[in-house]
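# Analysis of the macromolecular model
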Amino acid sequence: MMNDSILLIPALNLLDGQLSPYIPLGLLTLKSVAREHDAEVDILPWREDWASMIFESSSQLADALLRDADLERYETIGLSTICNSFHHTLAVVSLLKQRRSDLEIWLGGPHVSSLPDNVLDVLTDIDAVFVGEADETLGEVLERRRTGRRELNGIAGIRVAGEPFVPRAPIRDLDSLPMIDFGGCYREQQNASPQLAKRKAVTIEVSRGCPGVCTYCSTAVHWGHKARRKSDQRIIAEMRAAHESTGLTLFEFIGDNFASPHDRLLRFCETMAR
């Protein structure tokens, strides 16, 4: 009997045919959510040889990604999506289904959050689309699974074909998100690639959302039209935890509007200085 476990595959980041490694903070947060629910959620590990390969087709890329994946361990595969590599993600989905037709396939991320109905109408291999932030959504799914229920209908933030959709409001308090395990899953992601292992900075998510209405940007579509930020105390706590686990003292903040408004940024600097 298979474990009731989930494998998450990061959005693919390609440049001139090469797969660029990066630390998927969103998926690491989801893994932390799963830890709080005593659930098994893994992230597809990076392989060193990928960095030296040139991928000339989506099928070649999909085959390389799944070559050593132990799919028998999982009942569900969740794939994050971005616009410029969505066609490659679909090739991965196709190969997954070829190898395990009974797999439950979820899609999430900025690309499918913009057009979930279109995705489900056209792609019959997709069982569900997680729209927008998936942190609380995944928590509800895992709690339901603990009781033996596997259906996804009725859970806010998930589109399932033929079922009414209930939107999920953006998370108001980002401090409520579980802390990433910087010494565990974060370090594993960093050490998996020589390029990432050489980095001297720890990446920390500090804010989400944007009040802008730029038509070319997916930030507001995915994260909401209101900028939300973690408290100064939470950010500094994450910096301390990351330093204790990695020994690094340089931090890269991820958040479109962290520097706005200006006085808010200055207050953070004053808090950090104290």
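Look above for the structure.
Nothing here was measured: the structure is a model prediction, and the numbers come from that model. (Residues numbered from 1 in each chain as written. Predicted model: local features only at pLDDT ≥ 70, side-chain atom pairs only at ≥ 80, totals over all residues. Heavy atoms only, no water.)

### Examining the overall build of the protein chain
This is how it is decided: Secondary structure elements follow DSSP: runs of H or I of four or more residues count as helices, runs of E of two or more count as strands, with numbering from the N terminus. The reference for a compact globule is 2.2 Å times residues^0.38; the radius of gyration itself is calculated from the C-alpha atoms. Burial here depends on accessible area, computed with a 1.4 Å probe over protein chains only, as a share of the maximum for the residue type. Under 20% is buried, over 50% is exposed, and the range in between is partly exposed. The criterion used for residue contact is that any of the two residues' heavy atoms lie within 4.5 Å. A 1.4 Å probe and the Shrake-Rupley method give the accessible areas. Residues count as covered only by the protein chains that appear here. For the charge count, each Lys or Arg is scored as positive and each Asp or Glu as negative, with His and the chain ends excluded. In this description, the location of a charge corresponds to atom NZ of lysine, CZ of arginine, CG of aspartate or CD of glutamate.
A tally of helices and strands in the protein chain yields eleven helices and twelve strands. By the compact-globule yardstick of 19 Å for 274 residues, the protein chain fits well, its C-alpha radius of gyration being 19 Å. Its C-alpha atoms give the protein chain principal-axis dimensions of roughly 55 × 45 × 40 Å. A total of 274 residues make up the protein chain; the buried ones form 49% of that total. Considering only intrachain contacts with a sequence separation of at least 6, the fraction spanning at least 24 residues in the protein chain is 68%. Carbon and sulfur atoms form 51% of the exposed surface of the protein chain, whose accessible area is close to 13,600 Å². If you average the places of the 30 positive and of the 39 negative side-chain charges in the protein chain, the two averages end up 5 Å apart.

### Here's the deal with the layout of surface pockets
Spelled out, the test is: In this analysis the probe radius is 1.4 Å and the grid spacing 1 Å, with only protein atoms considered; a cavity is a set of points the probe fits into but cannot get out of, a pocket is an open set with protein on both sides within 12 Å along at least five of seven lines, and lining residues have an atom within 4 Å of a point. Grid points are joined across faces, edges and corners, and a volume is the space filled by probe spheres set on the points. Side-chain classes are defined by residue name, with Ala, Val, Leu, Ile, Met, Phe, Trp, Tyr, Cys and Pro counting as nonpolar, Asp, Glu, Lys and Arg as charged, and the others, Gly among them, as polar.
Size it by volume and the largest pocket reaches roughly 1,200 Å³. Looking at the largest pocket, it is lined by 50 residues, and the ones nearest its centre are L25, G26, L27, S80 and W223. Here the lining of the largest pocket gets five residues from one element, more than from any other, and that element is helix α1 (residues 25-36). Grouping the amino acids of the lining of the largest pocket by side-chain chemistry returns 24 nonpolar, 16 polar and ten charged.

### Focus on the side chain of S80
Position of S80 relative to the elements: it lies in strand β5 (residues 76-80). Beyond its immediate sequence surroundings of up to four residues, S80 is in contact with I9, P10, A11, L27, T89, G108 and G109.

### Section: the packing of aromatic side chains
Test applied: Ring pairs are drawn from Phe, Tyr and Trp, using the six-membered ring of Trp, whenever the two centres fall within 6.5 Å, and their geometry is named by plane angle: stacked under 30 degrees, edge-to-face over 60, tilted for the rest.
Per the stated rule, a full pass over the model turns up six aromatic pairs. Summarising the aromatic geometry, the rings of F253 and F258 are spaced 5.2 Å apart at their centres and angled 80 degrees between planes, so their arrangement reads as edge-to-face. We classify F258 as buried; its relative accessible area is 9%. Geometrically, the ring pair formed by F253 and F268 is edge-to-face, given 5.8 Å between the ring centres and 75 degrees between the ring planes. Taken as a pair, F253 in strand β12 (residues 250-254) and F268 in helix α11 (residues 262-273) lie far apart in primary sequence, 15 residues in all. Residue classification places F253 among the partly exposed residues on the basis of a relative accessible area of 27%. Judged by relative accessible area, F268 falls into the buried class, the value being 2%.

In short, geometric facts, not functional conclusions.
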